[in-house]
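Analysis of the macromolecular model
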Amino acid sequence: QVQLVESGGGLVQTGGSLRLSCTASGHTNYAISWFRQGPGKDYEFVATISRTGDKTYYGDSVKGRFTISRDNAKNTVYLQMNDLKPEDTALYYCAARVAGLLGPPHEYDDWGQGTQVTVSS
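Here goes a summary of the coordinates provided. The written sequence of each chain sets the order in which its residues are numbered from 1. Local features in a predicted model are, by the rule used here, given only for residues with pLDDT of at least 70; side-chain atom pairs are given and counted only at 80 or more, and totals for whole chains, interfaces and linings are based on all residues. Where side-chain values are given, they derive from all heavy atoms of the structure, hydrogens and water being excluded.

1. What about the pairing of strand 1 (residues 2-7)?
- Buried means the residue's accessible area, taken with a 1.4 Å probe over protein chains only, is under 20% of the maximum for its type, while exposed means over 50%, and partly exposed covers the values in between. In this text, helices come from DSSP runs of H or I with a minimum length of four residues, and strands from runs of E with a minimum of two, each type numbered from the N-terminal end. Burial along strand 1 is one-sided: the face carrying Val 2, Leu 4 and Glu 6 is buried and the face carrying Gln 3, Val 5 and Ser 7 is not.
- Here the rule is simple: two strands pair whenever DSSP picks up at least two bridges between them. Pairing analysis gives 6 bridges linking strand 1 to strand 3 (residues 18-26), with the strands arranged antiparallel. Within strand 3, the position partnered with Gln 3 by the bridge is Ser 25.

The structure is reproduced here in structure tokens:
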């Protein structure tokens, strides 16, 4: 089991940037994904990164604007978000999985508590 803590959320204007962090404790042999949940919406896949950081995938709505990376020495995964839009407003979660690289939310083993991102128009 791994404990995940997200940070870095906040209020930003359209076109601005934020960097989210997901810091883990416990074992480190996992892939990490970011999901988000907007008001009244289902979970949406944002990005995922493999254990070693050599593989990344992105959801269509964030490709070219968001970048996922990880620093295993710090047990931290980052989500750099640029050119933010009001539709990016959501609660952002990181989630860990031991098997595989990405999948639907129910396949993930551990979740953080979420960090709120609000983009004003």
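2. Some words on the pattern of salt bridges
- Basic side-chain nitrogens of Lys or Arg form a salt bridge, by our definition, when they fall within 4 Å of a carboxyl oxygen of Asp or Glu. The full count for this structure, using the stated rule, is 5 salt bridges.
- Its salt-bridge partner being Asp 88, residue Arg 65 comes within 2.8 Å of it at the nearest N-O pair. Within this pair, whereas Arg 65 is found in the loop between strand 6 (56-58) and strand 7 (66-71), its partner Asp 88 is found in the loop between strand 8 (76-81) and strand 9 (90-97), the two being separated by 23 residues in sequence.
- One connected set of salt bridges, linked through shared partners, spans Arg 36, Glu 44, Arg 65 and Asp 88.

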